[in-house]
Amino acid sequence: MAATEGRAAAALLFVAAVMVAQGPLGASGATVHTVGDAKGWTALGKIDYKSWSASEDFQVGDTILFVYNPKFHDVMEVTHADYNACNASAPIHTYKTGNDSYTIQGAGHYYFLCGVPGHCEAGQRVDIRVSNSTADGPSSGPSASPSPSAASARGTKSPTGPTPSANAAAPLLALKGLFALLGFAMAVVAALASC
């Protein structure tokens, strides 16, 4: 019996050591910002995206996530002038999946609006301001609205419609690995306890 308990304790110590070696969940420091929080990206409900954006601390490496019904909305990255005019005729990028992520690659302003007629005018637009500093130190990058070619180099996205980025999926993958490891440990302990 003592040998079985010793093996079970050794298995648990092994699992704990592996978990410590992997580090804490989300150690990358990147944050996923869901636009509009639980309400998402919509023209309904009078969501104040300006206030939402001002309440967030956007950093290089963070992900901006737009969650919406693609039957009724889209997301367009636009220039500062097009943002101010609610002009959706010449977007830098257009997203239409309903679960679009944009990984921030540089400091400055990022301008997004819904291209459905009337939605931008109803308030469905957001100005994302990314500071020049990060947890690792200052970042180089524009502080004003970039040209379309500069904006293209700043964010990571798919030309056919973005999918959740690796940064956005990292915490979920870490949890998946943690649960798999926990399940393995429980199986080892159960097997050793039945010996």
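The rules behind each value
- Residues numbered from 1 in each chain as written.
- Predicted model: local features only at pLDDT ≥ 70, side-chain atom pairs only at ≥ 80, totals over all residues.
- Heavy atoms only, no water.
- Helix = DSSP H or I, 4+ residues; strand = E, 2+ residues; numbered from the N terminus.
- Contact = heavy atoms within 4.5 Å.
- Areas by Shrake-Rupley, 256 points an atom, 1.4 Å probe, with all protein chains shown as cover.
- Buried < 20%, exposed > 50% of the residue type's maximum accessible area, 1.4 Å probe, protein only.
- Pairing = 2+ DSSP bridges.
- Axes fitted to C-alpha atoms, helices over the stretch in contact; angles between N-to-C directions.
- Lys, Arg positive; Asp, Glu negative; His and termini not counted.
- Salt bridge = Lys/Arg side-chain N within 4 Å of Asp/Glu carboxyl O.
- Core = buried A, V, L, I, M, F, W, Y, C linked by side-chain atoms within 4.5 Å.
- pLDDT = per-residue confidence, 0-100.
- Phe/Tyr/Trp six-rings, centres within 6.5 Å; stacked < 30°, edge-to-face > 60°.
- Lys NZ or Arg CZ within 6 Å of the ring centre and 35° of its normal.

1. Looking at the overall build of the protein
- A count of helical and extended segments in the protein gives 5 helices and 10 strands.
- By sequence separation, contacts in the protein at least 24 residues apart represent 76% of the contacts at least 6 residues apart.
- With an accessible surface of roughly 10,600 Å², the protein has 63% of that area assigned to carbon and sulfur atoms.

2. Details of the environment of M76
- Residue position: M76 is located in strand β3 (residues 75-78).
- Exposure remark for M76: the relative accessible area of 10% places this residue in the buried category.
- Here the alpha-carbon distance between M76 and L113, two residues 37 residues apart in the chain, equals 5.3 Å.
- Non-local contacts of M76, meaning those with residues more than four positions away in its chain, are made with A88, P91, H93, T94, Y111, F112, L113 and G115.

3. As for the sheet that holds strand β6 (residues 108-113)
- With antiparallel pairing, 4 strands are arranged side by side in an open sheet as β4-β3-β6-β7. Both edges of this open sheet fall to β4 (93-95) and β7 (125-130), since each of them pairs with a single strand only. Averaged over all adjacent pairs, the angle separating strand axes in this sheet is 25°, with direction ignored.
- Relative to β4, β3 runs antiparallel, the two being bridged by 3 bridges. Its bridge partner lying in β4, M76 is registered against T94.

4. Looking at the side chain of D100
- On the secondary structure map, D100 appears in strand β5 (residues 99-104).
- Salt bridges are absent for the buried D100, whose nearest opposite-charge side chain, K96, sits at 10 Å.

5. A short note on the nonpolar core
- Counting 19 residues, the largest nonpolar core has V35, W41, I64, F66, F112, V126 and I128 as its most contacted members.
- Residue assignment for this core shows that the elements contributing at least two residues are α2 (49-55), β2 (63-67), β5, β6 and β7.
- It is β7 that provides the largest number of residues to this core, a total of 3 residues.
- With near-sequence residues (within four places) excluded, I64 lies in contact with H33, V35, D100, S101, Y102, I104, F112 and I128.
- The next biggest cluster of nonpolar side chains, apart from the first, holds 7 residues, and it includes M76, Y83, C86 and C120.

6. Some points on the confidence of the model for the protein
- Chain-level pLDDT for the protein is 73 on average; 53% of the residues reach the 70-or-more range.
- Across residues 15-27, where pLDDT falls below 50, the model places 8 contacts with residues more than four positions away in sequence or in other chains.
- Within the model, the stretch residues 134-170 combines pLDDT values under 50 with 74 contacts to residues more than four positions away or in other chains.

7. Observations concerning the packing of aromatic side chains
- Going through the model one piece at a time under the given rule, you end up with 7 aromatic pairs.
- On the numbers, 5.1 Å between centres and 80° between planes, the contact of W41 with F66 is edge-to-face. Taken together, the residues W41 in the loop between β1 (32-34) and α2 and F66 in strand β2 connect sequence positions 25 residues apart. Comparing W41 with F66, the two get one shared label, buried.
- Ring geometry for Y102 versus Y110: centroids 5.3 Å apart, planes at 75°, classification edge-to-face. Each member of the pair Y102 and Y110 is classed as buried.
- Here the aromatic residues W41, Y49, F66, Y102, Y110 and F112 are joined through ring pairs into a cluster of three or more.
- If you follow R125 out to its NZ or CZ, it ends over the ring of Y83, 4.7 Å from the centre.

8. What about the side chain of H119?
- Tracing the backbone shows H119 in the loop between β6 and β7.
- Overall, H119 belongs to the buried group, its relative accessible area being 16%.
- What H119 contacts, discounting residues up to four positions off in sequence, is A43, F72, H73, C114 and Q124.

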